[in-house]
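Listed here are the chains, written in short residue letters.
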Number of protein chains: 2
Amino acid sequence: MKLTILGCHSATPRVNSHPTAQYLEIKNHHFLIDCGEGTQVQLRKYGVKFSKIKYIFISHLHGDHFFGLVGLISTFRLLNRETELHIYGPKGIKEVITLQLKLSNSWTHYPLYFHELTATGSELIFEDDKVEVHTIPLEHRIYTNGFLFKEKLGERKLNISAIKNYKEIEICDYQNLKIGRDFKLENGTIIKNKDLTLDPPAPKSYAFCSDTSYLPAIVPIIKEATCLYHETTFLKDKVALATTTKHSTAEQAAKIALQANVQQLIIGHYSGRYKNIEVFKTEAQEIFKNTHLAETGKVFEIN
Amino acid sequence: MKLTILGCHSATPRVNSHPTAQYLEIKNHHFLIDCGEGTQVQLRKYGVKFSKIKYIFISHLHGDHFFGLVGLISTFRLLNRETELHIYGPKGIKEVITLQLKLSNSWTHYPLYFHELTATGSELIFEDDKVEVHTIPLEHRIYTNGFLFKEKLGERKLNISAIKNYKEIEICDYQNLKIGRDFKLENGTIIKNKDLTLDPPAPKSYAFCSDTSYLPAIVPIIKEATCLYHETTFLKDKVALATTTKHSTAEQAAKIALQANVQQLIIGHYSGRYKNIEVFKTEAQEIFKNTHLAETGKVFEIN
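Bear in mind that the values here come from a model prediction, so they are computed numbers and not experimental data. The residue numbers shown here count from 1 along each chain, following its written sequence. For this description, chains carry letters from A and ligands carry numbers from 1, given in the order in which they are written. Totals for whole chains, interfaces and linings use all residues, but because this is a predicted model, local features are given only for residues with pLDDT of at least 70 and pairs of side-chain atoms are given and counted only at 80 or more. Excluded from the side-chain calculations are hydrogens and water; all other atoms, namely the structure's heavy atoms, are used.

## Side note on the interface of chain B and chain A
Here a residue-residue contact requires only that any non-hydrogen atoms of the pair lie within 4.5 Å. Listed per partner, the contact involves 34 residues of chain B and 34 residues of chain A. Buried area is understood as the total, over both parts, of accessible area removed when two parts are fitted together, assessed with a 1.4 Å probe. Roughly 2800 Å² of surface becomes buried between chain B and chain A when both sides are summed, with 67% attributable to carbon and sulfur atoms. Area buried by chain B at its contact with chain A is led by Glu37, Phe67 and Leu103 of chain B, which between them contribute 22% of it. Throughout this description, the term salt bridge denotes a Lys or Arg side-chain nitrogen within 4 Å of a carboxyl oxygen of Asp or Glu. There are zero salt bridges connecting chain B and chain A. Counted as a polar contact is a pair of N or O atoms within 3.5 Å, where, for protein atoms, one must be capable of donating a hydrogen and the other of accepting one, and residues adjacent in sequence contribute only when both atoms are in side chains. Remark: the boundary between chain B and chain A carries eight residue pairs in polar contact (both at pLDDT 80 or more). Elements are defined by DSSP. Helices are runs of H or I of four residues or more, strands are runs of E of two residues or more, and each kind is numbered from the N terminus. Of all elements in the fold, only helix H1 (39-45), helix H2 (69-78) and helix H3 (93-103) of chain B reach the threshold of two or more residues within the side of chain B that touches chain A. Gly counts as polar in this scheme, as do all residues outside two lists: the nonpolar Ala, Val, Leu, Ile, Met, Phe, Trp, Tyr, Cys and Pro, and the charged Asp, Glu, Lys and Arg. Class assignment of the residues belonging to the side of chain B that touches chain A gives a composition of 13 nonpolar, 14 polar and seven charged.

Structural data, given as structure tokens:
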């Protein structure tokens, strides 16, 4: 799993501060998460092939997470995209995008599907044989969801040296072994699957949580995640402001990471008042050591 | 009059190709013309003080002229703007902006006025004691206007050496002279205003024309303009494509400049297919010598 930070700053875009957007590569899927103004330029800058993106997840309809979406959809059209595109986001997202396409008389030639979210509890919104995506209901000034991206448990790995002890087991039997079946020898003896295969790699998961108040209610949803991204708009000396604006401090993000027992924490969505973002890491690491700063263009290998 | 090019490329924004936006300083007004995605970052990059912008003119609702507007309006709010803002643009602009502000629950605290345009003939849309703005109806795939910015004729200049011949003329009389009145001496003799004052500088004008087919019908509106910006999406070898997409070639832009007898032509809105924009200037200058290329960040003094 590979995560590219396209933007990690809050509120207004500036020359070197791009609003939230992330590109997640997971099991051959290429997901875009949030799409602040200028995201399409960031995608170009970091060499992302536009045609690979088939699913876009929008946490909420504040501009710094969403104002780049209509431009990206329009650019896909100008590039003669034919592949379908699925947008997951809060109710209203379809109306505002389609209104703009109507006013510009620029309907997409490719199939565009909106999956509007309204649930207040966590729900499964995407699933195929490799990946699941669940919402993480967050608490912000408007309806907001984080997203939990989970790999599914893969097939079992063949233990070739063990298999070689049984001449009766042929290549055509391998698929049954991979899906967990035991093997029956001609003499009727059952060889247990676990004696012929190895456990598959543990599935990895990535939890994206932006924007939100400090919200321990999300802990059961993101429990044991391989990697958690949690917003840290402020430092703890501005906790009152964080509470009013329904954002989190670096300390609060770290507390969530600790409670959820995640392996790694990435923080971002820094307020423009902080010129040096290292202070966010320092504050978070007092609570949760394995904390990393989101930085524009940074790539995280999530293993 | 000073014009700063914030972006001058067509269609999709790229790392070094910004969509249309221009900043016009004229008689202490600070006008923004068009507002493609990323315009707010360009304004910061070129040191424009956001609070000075009180009037924004949008030619049409294609994304490369308009998708940056909602972000700019939102940023003004985040910066605690109090000054009113006026938006001039095609009908529909109010609905799409207000829908986005509603969905993000981010109403502006400052007064925001929309002046929606529907006329098919040229109309006066802004006027004060210094400046007039008229629409220039253009021909594009959707309803589009260019804008003609005209200085008004200023007050007459005092001819101090002539005035000094008449001891009776005091400083308190100067304002009457500036507005063109004659002066009556105590002996009843009338001194003609033209013998006491000089003509004011000729008013300057700037005509912005993007996007449009080749349209000689605009010539009477932009006649004798000090400066004309005319789009040149293509070169003349792509005139068929220009016709289909309702754009202009460099040659066509130059023909319009020649017919309108403008003093200076600026061209832009280059298609992404051209890596070297010098070819646009070469083609236009065959018809109209005083042609200049719009380039991102370039400043034109219009005198």
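## Considering helix H8 (residues 250-260) of chain B
All names here are of chain B. The buried count for H8 comes to eight of 11 residues, which makes it a mostly enclosed element. A 1.4 Å probe rolled over the protein chains alone gives each residue an accessible area, and that area as a share of the maximum for its type sets the label: buried under 20%, exposed over 50%, partly exposed in between. Within the span of H8, buried status applies to Ala250, Glu251, Gln252, Ala253, Ala254, Ile256, Ala257 and Ala260. Tucked inside the fold, the buried residues of H8 contact helix H6 (219-222), strand S15 (227-231), helix H7 (239-245), strand S16 (265-268) and helix H9 (278-285). A positive backbone phi angle near 55° is found at Asn261, which sits one or two residues after H8.

## A few points about the UniProt feature "active site" (unreviewed entry) in chain A
UniProt positions are given in the numbering used here, feature names are shortened, and annotations may be inferred rather than shown by experiment. In this numbering, the UniProt entry assigns the feature "active site" (unreviewed entry) to Asp64 of chain A. When near neighbours in sequence (up to four residues on either side) are disregarded, Asp64 of chain A contacts Ser10, Ala11, Pro19, Thr20, Gly36 and His269 of chain A.

## Thoughts on the relation of the copies chain B and chain A
The least-squares superposition of copies is restricted to C-alpha atoms, and to residues with a pLDDT of at least 70 in both copies. Superposing chain B onto chain A takes a rotation of 180° plus a shift of 0.0 Å along the axis, which leaves an RMSD of 0.1 Å. Such values leave the two copies arranged in the relation of a two-fold axis. Taking C-alpha positions as the reference, the residue of chain B nearest the rotation axis is Gly38 of chain B, at 3.0 Å. Most of the interface of chain B is mirrored in chain A, where 100% of its interface residues again form contacts.

## Re the domain arrangement of chain A
The parts lose accessible area when they come together, and the size of an interface is often stated as this lost area. Along its sequence, chain A is carved into domain 1 (2-154 + 201-301) and domain 2 (157-198). Each of domain 1 of chain A and domain 2 of chain A has a C-alpha centre, and these two points are 43 Å apart. Segment limits for the domains were obtained from an automatic or database-derived domain assignment.

## Describing the sheet that holds strand S6 (residues 112-117) of chain B
Note on sheets: strands pair through backbone hydrogen bonds, and any given pair is parallel or antiparallel. Residue and element names in this part refer to chain B. Paired strands, in this sense, are two strands between which DSSP finds at least two bridges. Judged by pairing direction, the sheet is mixed, and its seven strands sit side by side in the order S6-S5-S4-S3-S2-S1-S18 without closing on themselves. Sheet topology places S6 and strand S18 (299-301) at the edges, where each strand pairs with a single neighbour. Strand-to-strand, the axes of this sheet are offset by a mean angle of 20°, without reference to chain direction. With three bridges joining them, strand S3 (residues 29-33) and strand S4 (residues 55-57) adopt parallel strand pairing. Bridged to Leu32 within S4 is Ile56. Here, axes are lines fitted to C-alpha atoms. For helices the fit covers the stretch in contact, and angles between N-to-C directions go from 0 to 180 degrees. Contacts between H3 and the sheet are confined to strand S5 (85-90) and S6, with S6 contributing the most and set at about 145° to the helix.

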